[in-house]
Structure formats: structure tokens, C-alpha cells
Amino acid sequence: MDLTQGTKEEKIGRAKKMMLWFGIISLVMSFAGWTSAFVVSSSRPDWLKDFQLPNAFLISTVFIVISSITFIMAKKALKAGQNKATMLWLLATLVLGVFFIYNQFVGFQQIIDLGYNFTGPTSNVTMSYIYLIAVVHILHVVVGLICLLVVIFNQFKQRYSASNMLGFELALTFWHFIDILWVYLFLFLYFVR
């Protein structure tokens, strides 16, 4: 396809989607670097080899996976012209995203209760990596929630339709990315010791 063809609106839409994908690729590279450093550091003598992630991280994983499903349901409702259902699915996605973050903090508290902190005398390199990876991901979920709030506001103002979904689709793509990223990170932190 010739990217110079099409209306001005189509070109802007393609440019916005491309910029989102450039951002996603850079985030993938960042997290790949951190998980690679995690693997390399695991050969250190002070590495915790028997640490297991708290159950709160598993619960948060369930919440974020379900939130991607509710976002998909919102898109289907929008395409069908069901504005009320779209709003309900978007609100469900928002609530599930908040529950994800809440359970992440519950997981951090469980780690602290085990006697491991991010820094200081009760910290170690293993926990520092887990905190770093999870906190940076939480920051991206917060960005996703802000995008979701913008989508909810725009949907409330009825700015989206089956033929005008660019902002909706950009937020959906980013939300799916942070969902898939967390599933990868959870499995990585759970199985790579």
C-alpha cells in the first residue's frame, strides 16, 4: 500500500498507529533488557533461588486478562451501535484495571511482610529486580487507565462510532499490549529463578 495515498484523516490515522507501534516496540526492548539482566544476575551467589511470587500477583494477572476481554466486548458493542453496553464494558475494564494495580500493591506488601524491601539492609538483588519490573509495568498500566478515562469521556460525549474509532482502537491496542506484557512478566518471574 502506498502510504502517501488516502485522505488527510486516513494519513493521520496511519501515522498515529505507527507512532503507537514504535512506542510499544521501544517498551518491549526495555523490558527485554530488564528480563535479560534478571537472567544474567541470577548466577550471583546472593540470588534468591527459592523465592516464589505471592498469590496476589496471580490474582492481578487474572484481572488484567479479563480486562482485555471486557475491552474487546466494548469494541464489539461500539461497532453494533450499542452505546450503553459500550460504556458498561469500558467501565468494567476500568474497574478491572484498578483491581490489577490494587493486587500488585497487595503483592508488594506480601513481599515486604516476608522481610524483603526494595532497598536497604533487608533488600537483595532479586527483590530489586522484581520491584523494578513490576513498578515500571504498573506505571504503564496507569498510562493505560488514563487513556481509558479519555476513551470513556469521549464515549460519554458520543464521539465514537463504527466508522470513527481511531482513539478507541489506539487505547485498545495499548491496553492489550500491557496485558500481554504482564502475562509474559508474570510467567517469567514465576518460572525463571
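As a reminder, the structure under discussion sits directly above these lines.
The structure presented is a predicted model; accordingly, all values stated were derived computationally and were not measured. (Residues numbered from 1 in each chain as written. Predicted model: local features only at pLDDT ≥ 70, side-chain atom pairs only at ≥ 80, totals over all residues. Heavy atoms only, no water.)

*Asks:* Any chance you could explain the nonpolar core here in plain terms?
*Replies:* Grouped burial of nonpolar side chains is what soluble globular proteins tend to show. Ranked by internal contacts, the top residues of the largest apolar core, which has 51 residues, are Phe38, Phe71, Leu90, Ile130, Val141, Phe168 and Trp182. At the level of elements, helix 1 (8-41), helix 2 (55-79), helix 3 (83-113), helix 4 (125-156) and helix 5 (166-191) are the ones that each hand at least two residues to this core. When neighbours within four sequence positions are excluded, Phe71 is seen to be in contact with Leu90, Thr93, Leu148, Phe168, Ala171, Leu172 and Trp175. (Core = buried A, V, L, I, M, F, W, Y, C linked by side-chain atoms within 4.5 Å. Buried < 20%, exposed > 50% of the residue type's maximum accessible area, 1.4 Å probe, protein only. Helix = DSSP H or I, 4+ residues; strand = E, 2+ residues; numbered from the N terminus. Contact = heavy atoms within 4.5 Å.)

*Asks:* Quick question: what am I supposed to make of the layout of surface pockets here?
*Replies:* Taken as a whole, the largest pocket encloses approximately 410 Å³ of empty space. Forming the walls of the largest pocket are 15 residues, and the residues nearest its centre are Glu9, Glu10, Gly13, Asn164 and Leu166. Per-element tally for the lining of the largest pocket: the top contributor is helix 1, with seven residues. Its residues assigned to classes, the lining of the largest pocket comprises five nonpolar, four polar and six charged. (1 Å grid on protein atoms, 1.4 Å probe; cavity = no way out; pocket = protein on both sides within 12 Å on 5 of 7 lines; lining within 4 Å. Points joined across faces, edges and corners; volume = space filled by probe spheres on them. Nonpolar A, V, L, I, M, F, W, Y, C, P; charged D, E, K, R; others polar.)

*Asks:* Is there a simple way to think about the environment of Val135 in this case?
*Replies:* Assignment of secondary structure puts Val135 in helix 4. Between the alpha carbons of Val135 and Ile101 there is a distance of 9.7 Å; along the sequence they are 34 residues apart.

*Asks:* What am I meant to see in the packing of helix 3 against helix 5 here?
*Replies:* Helix-helix packing is characterised by the crossing angle of the two axes and by the distance between the axes. Taken N-terminus to C-terminus, the directions of helix 3 and helix 5 make an angle of 30°; their axes are 13 Å apart at the nearest point. On the basis of their axis angle, the class for helix 3 and helix 5 is roughly parallel. In the crossing of helix 3 with helix 5, the sense of the turn from one axis to the other is left-handed. Counted together, Thr86, Leu90, Thr93, Gly97, Phe100 and Gln104 of helix 3 and Phe168, Trp175 and Trp182 of helix 5 form the full contact between these two elements. Among the residues making up the contact of helix 3 with helix 5, the classes are represented as five nonpolar, four polar and no charged. (Axes fitted to C-alpha atoms, helices over the stretch in contact; angles between N-to-C directions. Parallel < 35°, antiparallel > 145°, perpendicular 65-115°, else oblique. Left-handed = near helix turned anticlockwise from the far one by under 90°.)

*Asks:* Could you clarify how one ought to interpret the packing of aromatic side chains in this entry?
*Replies:* What describes a pair of aromatic rings is the distance from one ring centre to the other and the angle between the planes of the rings. Under the counting rule described, the total for this entry stands at 19 aromatic pairs. With a centroid separation of 5.3 Å and an interplanar angle of 45°, the aromatic rings of Phe63 and Phe99 are classed as tilted. Here Phe99 lies in helix 3 and Phe63 lies in helix 2, a separation of 36 residues in the sequence. Taking the centre distance of 5.7 Å and the plane angle of 25° together, the rings of Phe186 and Tyr190 count as stacked. Placement of the pair is Phe186 and Tyr190 together in helix 5, with a separation of four residues, close to one helical turn. (Phe/Tyr/Trp six-rings, centres within 6.5 Å; stacked < 30°, edge-to-face > 60°.)

*Asks:* Mind showing me how you'd approach unusual backbone geometry here?
*Replies:* Peptide bonds are mostly trans, and most non-glycine residues show a negative phi. Non-glycine residue Gln158 carries a positive phi angle of around 55°. Taking relative accessible area as the criterion, Gln158 reaches 57% and is therefore assigned exposed.

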